Amino acid sequence: MATPGLSTIATDITRLDVDAIVNAANETLLGGGGVDGAIHRAAGPGLLAECRLLGGCPTGEARITRGYYLKARHVIHTVGPVWHGGSRGEDELLASCYRNSLALARQHALTSLAFPAISTGVYRFPLERAARIAVRTVAGSCSPDMSVIFACFGEEALAVYRRELAALS
């Protein structure tokens, strides 16, 4: 049985109707590949214009913008760590992405949000390790009234996140 308030689905995160989706951004916040590029394309040019005003974001931190053309009313941008073998604080930086995103959601009274698998694409963070960190950090930091979706890109990620959610029970 999964933890109340936490769920996972295989979906395109840009299509979710939640208070906020989390963008696995780069430090410039100006768009890129993967989920970052998809979010910027779906949100439209207003997102890029607002991101330009933020002046970037360091790894492990988070920033919030409007959602523009997305169903989500906000985008929380967080910069995950690039995987260097696990000896450069990658685990803590990844956990910090989730904690800081949740803190922004609480500050803005958001109660539903969706996370992608941060850092598991071009940043090469091992999927199983990243999912374990994500699920445990969110479960330990999430407000009781908050609903969190782990939006997985593909069946492999979905299976990994389902296992991690089941391990919480």
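Presented here is a report on the structure given in the accompanying data block. Just so you know, these numbers come straight off a predicted model, no measurement behind them.

With respect to helix H2 (residues 45-54)
Where H2 is concerned, the buried positions are Leu47, Glu50 and Cys51. Along H2, the residues classed as buried sweep out an arc of 105° about the axis, all on the same side. Looking at H2, the residues exposed on the side facing more than 90 degrees away from the buried face are Pro45, Arg52 and Leu53. Those residues of H2 hidden inside the fold are in contact with helix H1 (34-43), strand E3 (62-66) and strand E4 (74-79). A positive phi of about 70° marks Gly55, the residue just after H2.

Some remarks on the sheet that holds strand E1 (residues 6-10)
Read across the open sheet, the six strands follow the order E1-E6-E5-E2-E4-E3; overall the sheet is mixed. The open sheet terminates on both sides in strands that have one partner only, identified here as E1 and E3. Adjacent strand axes in the sheet meet at a mean angle of 25°, parallel and antiparallel pairs treated alike. Inspection of the sheet shows E1 paired to strand E6 (residues 147-152) by five bridges, in the parallel sense. Directly across from Leu6, in E6, lies its bridge partner Val148.

Focus on the nonpolar core
Grouped together as the largest cluster of nonpolar side chains are 37 residues, with contacts concentrated most on Ile76, Leu113, Phe115, Val148 and Phe150. Among all residues touching Leu113, those that are not within four sequence positions of it are Val18, Ala20, Val22, Ile76, Leu102, Ala105, Met146, Ser147, Val148 and Ile149. The next biggest cluster of nonpolar side chains, apart from the first, holds 18 residues, and it includes Ile13, Leu29, Ala72 and Val75.

Notes on the packing of helix H4 (residues 127-141) against helix H5 (residues 155-168)
In the contact formed by H4 and H5, the axes pass within 9 Å of each other and the chain directions differ by 45°. In terms of axis orientation, H4 runs oblique to H5. Here H4 and H5 pass one another in a crossing that is right-handed. Contacts between H4 and H5 involve Leu127, Glu128, Ala130, Ala131, Arg132, Ala134, Val135, Arg136 and Ala139 on the former and, on the latter, Glu156, Ala157, Val160, Tyr161, Glu164, Leu165 and Leu168. The residue makeup of the contact of H4 with H5, split by class, is 11 nonpolar, no polar and five charged.

Quick notes on the rules
- Residues numbered from 1 in each chain as written.
- Predicted model: local features only at pLDDT ≥ 70, side-chain atom pairs only at ≥ 80, totals over all residues.
- Heavy atoms only, no water.
- Buried < 20%, exposed > 50% of the residue type's maximum accessible area, 1.4 Å probe, protein only.
- Helix = DSSP H or I, 4+ residues; strand = E, 2+ residues; numbered from the N terminus.
- Arc of directions from axis to C-beta.
- Contact = heavy atoms within 4.5 Å.
- Pairing = 2+ DSSP bridges.
- Axes fitted to C-alpha atoms, helices over the stretch in contact; angles between N-to-C directions.
- Core = buried A, V, L, I, M, F, W, Y, C linked by side-chain atoms within 4.5 Å.
- Parallel < 35°, antiparallel > 145°, perpendicular 65-115°, else oblique.
- Left-handed = near helix turned anticlockwise from the far one by under 90°.
- Nonpolar A, V, L, I, M, F, W, Y, C, P; charged D, E, K, R; others polar.

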